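Chain by chain, the residues run as shown.
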Amino acid sequence: YTYKDDQWVGYEDPDSLDIKMSYIKSMGFLGSMTWAIDQDDFQGWCKQGKNPMMTTIYESLKDYIVPDLIPTTLSTTVSPTTTIPGSTTTRDPFEPTTTIGPVDCSLAEFWPHEYCNKYWWCYFGIPHLKTCPDGLYWNQLIKACDWPINVDTSHCTIPSETSEIYANQISKFTNFINPPDIEILSIQDTIHTKIQDPDIPVN
């Protein structure tokens, strides 16, 4: 191994991996993750068999069963869900949320928000309000933030601060795909003139 200050680099062998696999199982972790598996001895040159590193991981975890997760008490307070009298239908996940209250996490993991650039993400049974990166809107079909041009915004409100950005994006995209005819003619005339008389400078 090598180290400097708070940086430490170690190197694996089957023995060190076996220790780590034992630690994974003793802690009840979900599994292991490897990086740069091409550096394993896939030709068996080191006289430990082919792929000794991956073999160690496999043999250690092949019969391992992840124990049931113990529910933890979360300090986040969830407001009670209000039941609409006479309503017996399941809520449509594509229906926008019109209140700032929580959504029903027992029905879906992701829920759209009333604003196009926000969404609800349920984890540990609690809805968390998330905001897409600038310029992106929530796309319920793919359960991810997406370009506005791909999102059906008929069921959500485009935030006022992003309306102008959205309009500019559409305008730039349209002009890029189909630039004004006058610009095309100007470029064509310039190229035609240059071919006829190469000595004429082009600005």
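Since the structure is predicted, the reported quantities are computational estimates derived from the model, not experimental observations.

Attention now moves to the environment of alanine 144. Residue position: alanine 144 is located in strand β7 (residues 144-146). Once residues lying within four places of it in the same chain are set aside, the contact partners of alanine 144 are Tyr137, Trp138 and Asn139.

Attention now moves to the side chain of threonine 56. Tracing the sequence through the fold places threonine 56 in helix α2 (residues 52-61). Once residues within four sequence positions are removed from consideration, threonine 56 is found in contact with Pro14, Leu17 and Asp18.

With that settled, the discussion passes to the nonpolar core. Leu17, Met21, Ile24, Met53, Ile57, Leu61 and Tyr64 together form the largest nonpolar core, which totals seven residues. Broken down by secondary-structure element, the contributors of at least two residues to this core are α1 (14-27) and α2. Contacts of isoleucine 24, omitting those with residues within four sequence positions, involve Phe29, Gly31, Ser32, Leu61 and Tyr64. With six residues, the next largest nonpolar core counts Val103, Cys105, Trp111 and Trp120 among its residues.

By the definition in use, this model includes two salt bridges. Between glutamate 12 and lysine 20 there is a salt bridge; the shortest N-O distance is 2.4 Å. By relative accessible area, which is 34% here, glutamate 12 ends up partly exposed. For lysine 20, a relative accessible area of 43% corresponds to the partly exposed category. Here glutamate 59 and lysine 62 are joined by a salt bridge, their closest N and O atoms 3.0 Å apart. For glutamate 59, a relative accessible area of 43% puts it in the partly exposed group. For lysine 62, a relative accessible area of 41% puts it in the partly exposed group.

Another aspect to go through is the packing of α1 against α2. Across the interface, α1 lies against α2 with an axial gap of 9 Å and an inter-helix angle of 25°. Judged by the angle between their axes, α1 and α2 are roughly parallel. As for the relative orientation of α1 and α2, their crossing is right-handed in sense. Every residue of α2 that contacts α1 at Pro14, Leu17, Asp18, Met21, Ile24 and Lys25 is listed here: Pro52, Met53, Thr56, Ile57, Ser60 and Leu61. Looking at the contact of α1 with α2, its residues break down into eight nonpolar, two polar and two charged.

For α1, built from 14 residues, the straight-helix expectation of 20 Å at 1.5 Å per residue is met to within 8% by its first-to-last C-alpha distance of 20 Å. Burial in α1 covers these residues: Pro14, Ser16, Leu17, Met21 and Ile24. Mapping the buried residues of α1 onto a view down its axis gives an arc of 155°, with all of them on the same face. Facing away from the buried surface of α1 by more than 90 degrees, the exposed residues are Asp15, Ile19 and Ser26. Each element contacted by the buried residues of α1 is listed here: α2.

Moving on to unusual backbone geometry. Not every positive phi belongs to a glycine, and lysine 47 is a case in point at roughly 65°. Locating lysine 47 in the fold gives a position in the loop between α1 and α2. The exposed category is assigned to lysine 47, whose relative accessible area is 75%. Of note, lysine 143 is a non-glycine position whose phi angle comes to about 55°, a positive value. Structurally, the position occupied by lysine 143 is in the loop between β6 (137-139) and β7. Residue classification places lysine 143 among the partly exposed residues on the basis of a relative accessible area of 39%.

Rules used throughout
- Residues numbered from 1 in each chain as written.
- Predicted model: local features only at pLDDT ≥ 70, side-chain atom pairs only at ≥ 80, totals over all residues.
- Heavy atoms only, no water.
- Helix = DSSP H or I, 4+ residues; strand = E, 2+ residues; numbered from the N terminus.
- Contact = heavy atoms within 4.5 Å.
- Core = buried A, V, L, I, M, F, W, Y, C linked by side-chain atoms within 4.5 Å.
- Buried < 20%, exposed > 50% of the residue type's maximum accessible area, 1.4 Å probe, protein only.
- Salt bridge = Lys/Arg side-chain N within 4 Å of Asp/Glu carboxyl O.
- Axes fitted to C-alpha atoms, helices over the stretch in contact; angles between N-to-C directions.
- Parallel < 35°, antiparallel > 145°, perpendicular 65-115°, else oblique.
- Left-handed = near helix turned anticlockwise from the far one by under 90°.
- Nonpolar A, V, L, I, M, F, W, Y, C, P; charged D, E, K, R; others polar.
- Expected span 1.5 Å × (residues − 1).
- Arc of directions from axis to C-beta.

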